[in-house]
Amino acid sequence: MPYRTIIEPFRIHSVQAIKLPDRNQREEALRRSGYNPFGLHSDEVIIDLLTDSGTGAMSSRQWAGMLDGDEAYAGSRSFYRFLEVVQDLTGLAEVIPTHQGRAAERILFTVMVKDGDVVPNNTHFDTTRANVEYQGAEARDLVVAEGHDPSLLHPFKGNMDVEALERTIEEVGRDRVPLVMVTVTNNSGGGQPVSMANLRAVREVCSRYGIPFFLDACRFAENAWFIKLREDGYADRSPREIAREMFSLADGCTLSAKKDGLSNIGGFLAMNDPDVARDCRNLLILTEGFPTYGGLAGYDLEAIAQGLDEVLDEEYLRYRIRSTEYLAEKVARAGLPIVKPAGGHAVYLDAKALLPHIPPHEYPAQALVVELYLDGGVRGAEIGSVMFGKPQPDGTEIPAPMELVRLAVPRRTYTQSHIDYVGEVMIDVAERAKGLQGFRIVEQAPWLRHFTARFEPL
Ligand code: F0G
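Worth saying up front: this structure is predicted, and the values here are computed from it rather than measured.

What counts, and where the lines are drawn
Residues numbered from 1 in each chain as written. Predicted model: local features only at pLDDT ≥ 70, side-chain atom pairs only at ≥ 80, totals over all residues. Heavy atoms only, no water. Near = heavy atom within 4 Å. Polar contact = N/O pair within 3.5 Å; in protein donor to acceptor, adjacent residues only side chain to side chain. Areas by Shrake-Rupley, 256 points an atom, 1.4 Å probe, with all protein chains shown as cover. Pairing = 2+ DSSP bridges. Helix = DSSP H or I, 4+ residues; strand = E, 2+ residues; numbered from the N terminus. Axes fitted to C-alpha atoms, helices over the stretch in contact; angles between N-to-C directions. Contact = heavy atoms within 4.5 Å. 1 Å grid on protein atoms, 1.4 Å probe; cavity = no way out; pocket = protein on both sides within 12 Å on 5 of 7 lines; lining within 4 Å. Points joined across faces, edges and corners; volume = space filled by probe spheres on them. Nonpolar A, V, L, I, M, F, W, Y, C, P; charged D, E, K, R; others polar.

Remarks on the site of the ligand
Lining the immediate environment of the ligand, one finds 18 residues, of which Thr51, Arg102, Ser256, Lys259 and Arg406 sit closest. Between the ligand and the protein, one listed contact pairs an oxygen atom with a side-chain N or O atom of Arg219 at 2.9 Å. Interatomic distance of 2.9 Å between a side-chain N/O atom of Lys259 and a nitrogen atom of the ligand. Burial of the ligand by the surrounding chains reaches 94%, relative to a free accessible area of 470 Å².

Okay, structure coming up:
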């Protein structure tokens, strides 16, 4: 390429209007929603970085595939197209479509995990953790120490601590570890990648103890791109080859197609073990649907099949990872504390560093999320003690290891000037950080409380 600028490798074909409500309207929206961004109407938000999940723009080829979707209840042609793409990518024999990632998690853990078990992961995503805990098992996070230090530069901060994994297996006994999971990229740990060497090392431990190894593969293509950029020996390999190698190390995976499937809904569970797959399919029929559609329309299966193919395009991945890094560079240059290096799908603000005057039990990252909306109509998500704090019987709480605000970038949706605007809002809020106050929770659910909790400013 003769020029430095990395352009969006697409042109815009259809648009949706967005607008910024005035400050009074934003204040009122916050009051109404109990200061929880999950309670905002999307029309009250101008740039929505709540999640990169299901919020991306589909391509004209995906829409074209959807028109040709086959809605047969059993044996749909769209299912067989989806099956072929997933088997070709993952090398896994048994493929079970689900309506999204957490349905795959619930089915897999219902079949494989029982009361008293321990499930290791680099860092469990919130639904993954909740689904493990719902079975009465412990969800144990074993990310490498580097993964806990937001400002430390390291190429693979999503890696699992392989020694800690072995210690866990020795401590609790092989029979109480029904599977090991690794999340690529490590969403709750800052969207950080996992190296191929680390996946190989986890594979080796799992093989030695005879424990199945599953990937939580939502962002497999972004992880593959980081391996290409950062790991010795992969610079000349295609993202597809790298992704295939990642999957080849695992016995199975769960995948939310709302991320690197470039689709608005969908997911799947895949594995090699036919006996576990049979039990999973029986559960699937109970709650999701027949095994050739699993809670999805035939047209969704078409969109996913096409999306899984497009996401491995090098020009797309170069633009995708660069656009997140671009926002990170902009705010880091202005002195904002962020998780470094930038994650694949999101920039994570370090609220503990930016708001040292707000203690974890007053939710500094929630304070920041509220202010980003109030200031510029930008919606982000708290990934800190609201999401992962552990309420104790005496009314206190064990805080989360990090207090982060995640600004997740939807795929192929916003332009560089949208991102410039977000950067300006973040910098403006950071300049006023000293004046921000914490929050207390006035209403909460017994699990996944961050979705519905209501707050009051202190
Ligand atoms: N695993 C990871 C690593 C995820 O990031 C998600 C979803 C899931 C599993 C569950 O998938 O939403 O399709 O049921 N993450 C979204 C997010 C919601 O905002 O990060 P799902």
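Concerning the sheet that holds strand β11 (residues 381–383)
Reading across the sheet, the three strands line up as β9-β14-β11 and stay open at both edges, with antiparallel pairing between neighbours. Edge strands, defined here as strands with exactly one partner in the open sheet, are β9 (346–350) and β11. Across the sheet, the mean angle separating the axes of adjacent strands is 30° when strand polarity is ignored. Here β9 runs beside strand β14 (residues 404–408); their pairing, made up of five bridges, is antiparallel. Bridged to Tyr348 within β14 is Arg406. Those strands touched by helix α14 (residues 364–376) are β9, β11 and β14, and its axis lies near 40° from that of β14.

Details of empty space enclosed by the protein
This structure, assessed with the given rule, holds two cavities of 30 Å³ or more. Looking at the largest cavity, its volume works out to about 60 Å³. If you list the elements that add at least two residues to the lining of the largest cavity, you get α14 and β11. Classifying every residue of the lining of the largest cavity gives six nonpolar, three polar and one charged. In this structure, the second largest cavity encloses a volume near 30 Å³. Considering the residues around the second largest cavity, the lining is formed by Gly56, Met58, Lys258, Lys259, Leu262, Ser263, Asn264 and Arg411. Its residues placed into classes, the lining of the second largest cavity shows two nonpolar, three polar and three charged.

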